[in-house]
Amino acid sequence: MRIGIPKEVHPGERRVAGTPRTVKLLIQQGFEVVVEEGAGFAAEHLDSMYIESGATITTDVKALWGESDIILKVHTPQMHPQLGEHEADLIKEGGCIIGFIWPAQNEEVLAKLNARKASVLAMDCVPRITRAQKVDALSAMANAAGYRAVIEAVNVYPRFLMGQSTAAGAIKPAKVLVIGAGVAGLAAIGAARSLGAIVRAFDTRLEVGEQVRPMGAEFLELDFSEEGSGSGGYAKQMSKEFLEAEMKLFAQQAMEVDIIITTALIPGKPAPKLITAGMVESMREGAVIVDMAAQQGGNCVLTQPDKLVIHKGVRLVGYTDLPSRMAIQTSWLYASTLVNMIDEMGGAENFTIDLENEIVRGALVCHAGETTWPPPKKQVAEPSGEPEQPWTEEQGVETKRGSATKEKSKLGVIVLLIFAGLALVGLGMTAPDTFLRHFTVFVLACFVGWQVVWNVAPALHTPLMSVTNAISGIILIGGMLHLSGAPTEAITILGAIAVFIAAINVSGGFLVTRRMLSMFQK
C-alpha cells in the first residue's frame, strides 16, 4: 500500500504529517511512502532526510493524491493555491485520509470527500479513552500549545517572571492566572512555575484541582455547588448564576495578576467570553493576555486571531498557530500518533476499517460515501425481562453436593481442634517444666503480638509493614516476659536487647508508613 504525505497549504502552517523518523517506521511496516517535495522544509526536515529514510520524493501533487491509498495530513483539506482545485477532489476514489478534519465546522469538505467515497478518520474525534492515548493527537498538540503560550507571554511581558533581589531593590515574581486546567492549562502551569512565577489556576471541573496543587499552583474555587465536568473529559456549559460568580472572580484576579492565559473551550460551541474589556483595562500596564481560544472566537472580547493587540498598555496575544511555532517537536508528536493509528488499523498487511474497533469507529467521520459522524452511542444491555428458568433436578443435586462439602469441611476443622487440644494436654503432662515455661512464653508472644497489629487500623501500615510489625511484636512481648523472670543474667541482657531493637523496628515501621500515606493525602 502507498502512503502519501503532501505539503500543507494552510497559510503559516509549518508542521508536516510525517517526519523522517516516522516515515522509516511506516516503511518497516511494509508501506511505500511518497512525500511531496518541500513538505517538511518548514519543520527543518530536508528532502534528503526523507530519501535516507526510504521515502520517494515527488513534485507531482495530483499523482501523490490520486495514486496513494492513504493520505496523511495535518489540516483539513482545502483549496490548493497552485492547482486551483480543492484537495478533497484530488483524493483517490475509495481512498483513505487521516488528519484533523473538524467535521462539525466542515460539512462542505465532508460532502466532497463522500463524493469520492473516501474513508476519513479525524484525529480530532479520537475517543478520550485510556486505550486511545497513543493516538490522542489533540492532547499532544495541546501540551505543546500550553507550553508555547507561556513562552509567547514572556516574549512580550516587559518585566521579570521570577522574583529577584537587586541593589536597586526587590523585584516581586509575576503572578500568572491560567483559566482552564486541561492538558494545555497544565502545560502552561508547569512552564510558568519553572520560570519562577506565582501561578493560580481556575477550572469548572473541581477534580482537576488535585492535578494543579501538586504542581505548586493555587487552585481557585467558587463557593458554589455546581460542578462543570462534562462528557469525554471536557467542561460543560454552566448555569447563569455560576457564570456570574465566575466573572466576579476573574474581575478580581485581573486587578492582581500580570499574565492571564485562557484555554477555555466547550466542544461544538464558540469559545466562552470570560475576559471583558473592563477587566483588560483594570490590569496594570505591561500585563499580558494569551488567548489560546482565539481560533474559536477567543475568551477575551478584545482578542483578534493571529494578531498581537495592545489595548491601553495590555498586550493581547491571539496567535492560533502555537503548536506550529514548535514545528520540529510537534510534527514528530503528531506523526507518531498517525503511525499508531495506522498500526491500530492493521498496518500494511491487514489494513482495514474495523467498525468494531472503538478507536477507529470513534475517529471515522466518512466511509463508503456516507457521513458516519458522530458515532453511535454504545447500547448498554438491559434485562430482557424473560422469566427465570425453572429449577431443575440437576441444579438441586449440585446444591445438595455443595452443602454436604461445606458440612464436611466444618467437621474436619472441629476434629482438628479436638486433636490439637488433646495434643496440648498430653504435652503438658509429659514435657519438663522448663520446656512448658518457654512454650507458654512463645504462645503468648504470638497471640499478643498478633493482637497488637490486628487492632491497629489497616490504613496505618502496608502489608509489608504489617508482617514486619507482627514479627517485631512477637519479639517485643517475648523479650518483656523474659525480663520479668529470667533465670540467668545473660537471658535478661538478651531480653533487654530484643525489647530495644524490636521497639525501634515497630516505631520506625509506623513512622515510615505514615510518611508514605501522607504523600497521597490532599
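Please refer to the structure higher up on the page.
Residues numbered from 1 in each chain as written. Predicted model: local features only at pLDDT ≥ 70, side-chain atom pairs only at ≥ 80, totals over all residues. Heavy atoms only, no water.

## Focus on the pairing of strand S6 (residues 119-122)
Thought 1: Side chains Ser119 and Leu121 of S6 all project onto a buried face; the interleaved residues Val120 and Ala122 project onto the opposite face, where all are buried too.
Thought 2: Sheet analysis places strand S5 (residues 96-99) next to S6, joined by four bridges and oriented parallel. Bridge assignment links Cys96 to a residue of S6, and that residue is Ser119.
Thought 3: Handedness of the β-α-β unit built from S5, helix H5 (residues 107-115) and S6 comes out right-handed.
Thought 4: Pairing analysis gives two bridges linking S6 to strand S16 (residues 364-367), with the strands arranged antiparallel. Pairing of Leu121 across the sheet is with Leu364, part of S16. (Buried < 20%, exposed > 50% of the residue type's maximum accessible area, 1.4 Å probe, protein only. Helix = DSSP H or I, 4+ residues; strand = E, 2+ residues; numbered from the N terminus. Pairing = 2+ DSSP bridges. Right-handed = clockwise from strand over helix to strand, strands pointing away.)

## Observations concerning the sheet that holds strand S9 (residues 175-179)
Thought 1: The strand order across the open sheet formed by seven strands is S11-S10-S9-S12-S13-S15-S14, and the pairing between neighbours is mixed. Two strands bound the open sheet, and with one partner strand each, they are strand S11 (218-220) and strand S14 (308-311). The average undirected angle you get between the axes of adjacent strands in this sheet is 20°.
Thought 2: Sheet strands in contact with helix H6 (residues 137-156) are strand S12 (259-262), strand S13 (288-291), S14 and strand S15 (314-317), and its direction is about 150° off that of S13.
Thought 3: Where helix H9 (residues 240-254) meets the sheet, it contacts S9, strand S10 (198-202), S11 and S12, and its direction lies at approximately 170° from that of S10. (Axes fitted to C-alpha atoms, helices over the stretch in contact; angles between N-to-C directions. Contact = heavy atoms within 4.5 Å.)

## As for the sheet that holds strand S3 (residues 56-58)
Thought 1: Taken in spatial order, the eight strands make up an open sheet running S3-S2-S1-S4-S5-S6-S16-S17, and their pairing is mixed. Only two strands of the sheet have a single neighbouring strand rather than two, namely S3 and strand S17 (370-371).
Thought 2: Pairing analysis gives four bridges linking strand S1 (residues 2-5) to strand S2 (residues 32-36), with the strands arranged parallel. From the neighbouring strand, Ile5 faces S2, where its bridge partner is Val35.
Thought 3: The strands that helix H1 (residues 20-28) touches are S1, S2 and strand S4 (70-72); relative to S2, the one it contacts most, it runs at about 150°.
Thought 4: Across the sheet, helix H11 (residues 327-344) is in contact with S1, S4, S5 and S6; its angle to S5 comes to roughly 140°.

## Notes on the environment of Ala132
Thought 1: On the secondary structure map, Ala132 appears in the loop between S6 and H6.
Thought 2: Distance from Ala132 to Met341, taken between C-alpha atoms, is 9.0 Å for residues 209 residues apart in sequence.
Thought 3: Beyond its immediate stretch of four places on either side in the chain, Ala132 contacts Val126, Pro127 and Ile359.

## Section: the side chain of Lys73
Thought 1: Within the element layout of this structure, Lys73 appears in the loop between S4 and helix H4 (87-90).
Thought 2: With a relative accessible area of 1%, Lys73 lands in the buried category.
Thought 3: Side-chain polar atoms of Lys73 contact the side chain of Glu8, separated by 3.0 Å.
Thought 4: Among all residues touching Lys73, those that are not within four sequence positions of it are Pro6, Glu8, Ala17, Trp65, Glu87, Ile97, Ile98, Gly99, Phe100, Tyr334 and Leu338. (Polar contact = N/O pair within 3.5 Å; in protein donor to acceptor, adjacent residues only side chain to side chain.)

## What about the packing of H6 against helix H7 (residues 183-194)?
Thought 1: Where H6 meets H7, the axes come as close as 7 Å, and the angle between the chain directions of the two elements is 35°. Along this stretch, H6 crosses H7, giving a crossing that reads as right-handed. The residues of H7 that touch H6, namely those facing Ser139, Ala142, Asn143, Gly146, Tyr147 and Val150, are Val183, Ala184, Ala187, Ala188, Ala191 and Ala192.
Thought 2: A class-by-class count of the residues in the contact of H6 with H7 yields nine nonpolar, three polar and no charged. (Left-handed = near helix turned anticlockwise from the far one by under 90°. Nonpolar A, V, L, I, M, F, W, Y, C, P; charged D, E, K, R; others polar.)

## Examining unusual backbone geometry
Phi is mostly negative for residues that are not glycine, and the peptide bonds are mostly trans.
Thought 1: For the bond from Trp373 to Pro374, the omega torsion is -5°, close enough to zero to count as cis.
Thought 2: The topology assignment puts Pro374 in the loop between S17 and helix H13 (393-430).
Thought 3: The residue Glu44 is not glycine, and still its phi comes out positive at about 65°.
Thought 4: Here Glu44 lies in the loop between S2 and helix H2 (47-53).

## Details of the pattern of salt bridges
Think of it this way: side chains of opposite charge can pair up when their charged atoms draw near.
Thought 1: Scanning the model with the defined rule gives 23 salt bridges in all.
Thought 2: Notably, a salt bridge pairs Asp136 with Arg128, separated by 3.7 Å at the nearest N-O pair.
Thought 3: Accessibility expressed as a relative area gives 36% for Arg128, which makes it partly exposed.
Thought 4: With its nearest N and O atoms 2.8 Å apart, the salt bridge here joins Arg200 to Glu256. Within this pair, whereas Arg200 is found in strand S10, its partner Glu256 is found in the loop between H9 and S12, the two being separated by 56 residues in sequence.
Thought 5: Under the relative-accessibility criterion, Glu256 is labelled partly exposed at 33%.
Thought 6: Within this structure, Arg131, Lys134, Glu344 and Glu358 form a network of salt bridges that share partners. (Salt bridge = Lys/Arg side-chain N within 4 Å of Asp/Glu carboxyl O.)

The values are spatial; any link to function lies outside them.
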